Amino acid sequence: MSKLRGVFLVGFGAASYGILATIVKFANNSGAHTSVLTFYQSLIGVISLFILMTIQSRKQPALVKPRSRSKVKLVLFGISMGLTSCLYYISIQYVSVSIGIILLMQSIWMSVVWEMIQQRKLAHWSKLAGSITVLIGTIFATNLIQQDIQISVTGLLYGLAAALSYTVSLHASNHVEKQIPSITRSFYLILGSLLTVTAFWNVQILEHLDWMVLLKFGIVLGIFGTVIPPIMFTRGIPLIGLGLAGILVALEIPVSILSAHFVLKEQISLVQWFGVLLILLTVVFMNSRKKHG
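A brief look at the structure comes next. Owing to the predicted nature of the structure, the values given are computational and were not obtained by experimental measurement.

A cluster of nonpolar side chains, contributed by Phe26, Leu258, Phe262 and Val263, occupies part of the molecular surface with about 380 Å² of accessible area. At three residues, the largest contribution of residues to the nonpolar patch is made by helix H13 (residues 252-264). For Phe262, a relative accessible area of 57% translates into the label exposed.

Okay, here's the thing in C-alpha cells:
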C-alpha cells in the first residue's frame with residue numbers, strides 16, 4: 001500500500017510539472033507577459049515554502065538548521081532553476097509546447113554527459129545507448145524527418161539552453177546539501193530562482209505587473225511549479241526508490257503533450273507519438289537498469 005502511495009505522490013509531482021508550459025502558453029495567448037508569469041511562479045513558491053518551513057521548524061525543532069554556507073550554496077544552485085523557467089517559457093513562444101517539452105527532456109542525455117565530466121570516466125554502455133536512443137526519439141518526436149516541417153532555430157536554442165539549465169537543477173535537487181530538510185532546501189533553491197528571474201526580466205516585470213494575472217495564473221503556476229513537486233517527491237521517492245521514481249518523473253512528457261493537445265489544440269502526429277514512446281521506453285530502460293544494477 002505504501003508503494004502505491006509513493007507511485008501516486010511521485011506521479012502527481014511529475015504531472016504538476018507537466019501542465020506548467022500549457023498554462024504559460026494559454027496565459028500568453030490571453031495577453032499575460034512571460035516575465036510576470038515566471039516572477040509570480042517563483043514569488044508564490046518562496047512565500048508558500050517559507051510558511052511551510054516555519055510550520056515545520058515549530059513542529060520539529062530538532063531538524064537540521066542550515067548554516068549560512070549551505071544557504072548560499074542552495075541559493076546559487078537555485079539560479080539554474082530560475083534560468084530553466086525563463087528559457088523554457090521563452091522557447092515555447094517560438095515552438096509548440098509538445099516540442100518544448102521534448103527539448104527540455106534532452107536533459108536525459110545531458111545528465112549522462114554531466115556525470116561523465118564529473119567522474120572523469122566513460123558512462124556505462126546502457127547509459128550511452130540510452131542517450132543515443134533519446135536523440136533518435138527526439139528526431140521523431142519533433143517531426144524533423146518531415147521535410148516541410150520548419151522548427152524555429154531561436155526556439156530550438158532556447159529549449160536546449162533550458163535543458164542544460166534543467167540538468168544543473170536536477171543535480172542540485174539530488175545531490176546538494178541533502179542533510180537539510182526538503183522543504184528548507186526547496187525554499188532556498190526557489191529563493192535563488194526568484195532572484196534570478198527578477199534579474200533576468202528586471203524592468204519588464206514592472207512594466208507588465210498585473211494583479212489579475214497573479215490571481216488567474218500566478219498562484220496556480222507557483223503551487224504546481226514550486227510547491228507540490230518537491231513535497232510530493234520527498235514523500236514519495238523514499239517509498240518507491242530512485243529507479244521507479246526516475247521512470248515516473250518521465251510522466252511529465254505525455255502530460256505536457258496531452259494538456260497542450262486538449263487545452264491549446266496542438267496537433268501531434270503518430271510519428272511524433274512514436275518518438276515520445278521511444279523516449280519514455282528509454283527512460284524506463286535506463287532507470288530499471290540503475291535499480292537492479
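Mapped onto the elements of the fold, Ser169 is located in helix H8 (residues 153-175). Note: C-alpha distance between Ser169 and Met1 (168 residues apart in sequence) is 31 Å. Aside from chain neighbours lying at most four places away, what touches Ser169 is Ser80, Met81 and Thr84. There is a polar contact of 3.1 Å between the side chain of Ser169 and the side chain of Ser80.

Compared with the 44 Å implied by 1.5 Å per residue over 30 residues, the 40 Å span of helix H11 (residues 211-240) between its first and last C-alpha is a close match. By the N-cap criterion, in which a side-chain oxygen at the helix start approaches the backbone nitrogen of a residue two or three places on, H11 is capped by Asp210, the distance to Met212 being 2.9 Å. Backbone geometry just downstream of H11 places Gly241 in the positive-phi region, at approximately 90°.

Attention shifts here to the nonpolar core. Ranked by size, the top nonpolar core spans 62 residues in total, and within it Leu37, Tyr88, Ile101, Ile102 and Ile253 carry the most contacts. A total of nine residues in this core trace back to one element, the largest contributor, which is helix H4 (residues 68-94). Ignoring any residue separated from it by four or fewer positions in sequence, one finds Ile253 in contact with Ile101, Ile102, Met105, Val276, Ile279 and Leu280. If you look at the next biggest cluster of nonpolar residues, it comprises six residues, including Val10, Ile240, Ala245 and Leu248.

Reading guide: rules and limits
- Residues numbered from 1 in each chain as written.
- Predicted model: local features only at pLDDT ≥ 70, side-chain atom pairs only at ≥ 80, totals over all residues.
- Heavy atoms only, no water.
- Patch = residues over 30% accessible without salt bridge, like charges linked within 9 Å, V, L, I, M, F, W, Y side chains within 5 Å.
- Areas by Shrake-Rupley, 256 points an atom, 1.4 Å probe, with all protein chains shown as cover.
- Salt bridge = Lys/Arg side-chain N within 4 Å of Asp/Glu carboxyl O.
- Helix = DSSP H or I, 4+ residues; strand = E, 2+ residues; numbered from the N terminus.
- Buried < 20%, exposed > 50% of the residue type's maximum accessible area, 1.4 Å probe, protein only.
- Contact = heavy atoms within 4.5 Å.
- Polar contact = N/O pair within 3.5 Å; in protein donor to acceptor, adjacent residues only side chain to side chain.
- Expected span 1.5 Å × (residues − 1).
- Core = buried A, V, L, I, M, F, W, Y, C linked by side-chain atoms within 4.5 Å.

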